[in-house]
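# Examining the three-dimensional arrangement
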Amino acid sequence: MDYVLPYVDCDDPVWIEQYKSVMQTRNCIKNMDRSRFRPFGTLKYVFRSVAKNMPFIDRIVLIVSTKSQVPEWVNRDTVRIVPHDEFMPGTHRPCFNSSVIEGDMWRIDGLSECFVYGNDDFFALKPLELNDFFDGDKPRLKFSESDYHVRNIFHECCRNGMDMIADALDIQRTDPYTLLKPQHCMKGIRADHMKEVGRLCGHQIDRLATVMRHRRNVTGYIYHYYALYTSEYSDFVKDFQYAELTDEYDEVTKIIKKQQASMLCINDSGELSLGNYESACLTLTDSFERVFPEVSRYELS
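Read on for an overview of the structure. (Residues numbered from 1 in each chain as written. Predicted model: local features only at pLDDT ≥ 70, side-chain atom pairs only at ≥ 80, totals over all residues. Heavy atoms only, no water.)

## Topic: the pattern of salt bridges
Enumeration over the complete set of coordinates arrives at 18 salt bridges. With a closest N to O distance of 3.5 Å, Arg173 and Asp163 form a salt bridge. Taken as a pair, Arg173 in the loop between helix H4 (153–168) and strand S9 (178–182) and Asp163 in helix H4 lie far apart in primary sequence, 10 residues in all. Take Arg173: its relative accessible area is 42%, and that puts it in the partly exposed class. (Salt bridge = Lys/Arg side-chain N within 4 Å of Asp/Glu carboxyl O. Helix = DSSP H or I, 4+ residues; strand = E, 2+ residues; numbered from the N terminus. Buried < 20%, exposed > 50% of the residue type's maximum accessible area, 1.4 Å probe, protein only.)

## Brief notes about the packing of aromatic side chains
With the rule as written, the count across this model stands at 14 aromatic pairs. Ring geometry for Phe47 against Trp73: centres 5.5 Å apart, planes inclined by 70°, an arrangement best described as edge-to-face. Of this pair, Phe47 sits in helix H2 (residues 43–53) while Trp73 sits in the loop between strand S2 (59–64) and strand S3 (79–83), placing them 26 residues apart in sequence. Given a relative accessible area of 0%, Phe47 falls into the buried group. Relative accessible area serves as the criterion here: at 23%, Trp73 is assigned to the partly exposed category. Pairing Phe143 with Tyr233 gives two aromatic rings, centres 5.6 Å apart and planes at 85°, and the pair type is edge-to-face. Residue Phe143 is located in strand S8 (residues 143–147), and its partner Tyr233 is located in the loop between helix H6 (221–229) and strand S11 (234–235); the two are separated by 90 residues in the primary sequence. Following the ring pairs from residue to residue traces out a cluster consisting of Phe143, Phe154, Tyr221, Tyr225 and Tyr233. The side chain of Arg151 reaches across the aromatic face of Tyr148, ending 4.3 Å from its centre. Sitting over the ring of Tyr148, Arg159 keeps its end group 5.9 Å from the ring centre. (Phe/Tyr/Trp six-rings, centres within 6.5 Å; stacked < 30°, edge-to-face > 60°. Lys NZ or Arg CZ within 6 Å of the ring centre and 35° of its normal.)

Following this line, the structure appears as structure tokens:
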């Protein structure tokens, strides 16, 4: 089984030049929002957490803009590298929009029939089982209701996917003032669900794609909405924790060291000041090193 995740290194010179070129082409004077991309040196601990606590995973699939993004320590015998040009149309590249990258994932060939999808800020802190993500071949999902009266661009992109897949399946749309959101942690996905979403909605998704995030986009949640509307899912019951990274990051390190949740998402929403960034990096990597000191098979020894 594959573990699939996208990764961005905003210190990569190739990536930086592409970003600058896109901004100039768009006549856009915009400083890069590093909170959307800035690295914390924790990718290897994502790998180690998967190796130690998710033994049913056979391979990691790392999605990157170009191969220059791949850290030197990655073991390419156990990690499949998927650059954007392997699956994203040329009209979508270069891309700095995670919604579009996820929306194009149905075009990736060769994934395991069932796989676990995560982000580069998701960590498995405790032992997990295949049944935590799949009930037989049904992905386990937990949808929470959100008041759509109060929304941001991301919420609108989620709602776009909800409505698009409902229309494609000829199912009545849900209450226009309620947004259903799947759990923000590792999630199981069936490859055939993705392919069917591509067959039903691929042209629409393409038409709404933009280089930078826009309120008209569709997020990767559309694959989970397909499972929801076709009743091809079971309830997700495992515990997870979502933590915002702020200047009070000691609370996050406590969760790591004490392994207070089975799964942890550390979100960098920009609340961590630049002055505390380097200290936070060191503290986070030290905390993870205490929990995951062994080099994994996804790393070169």
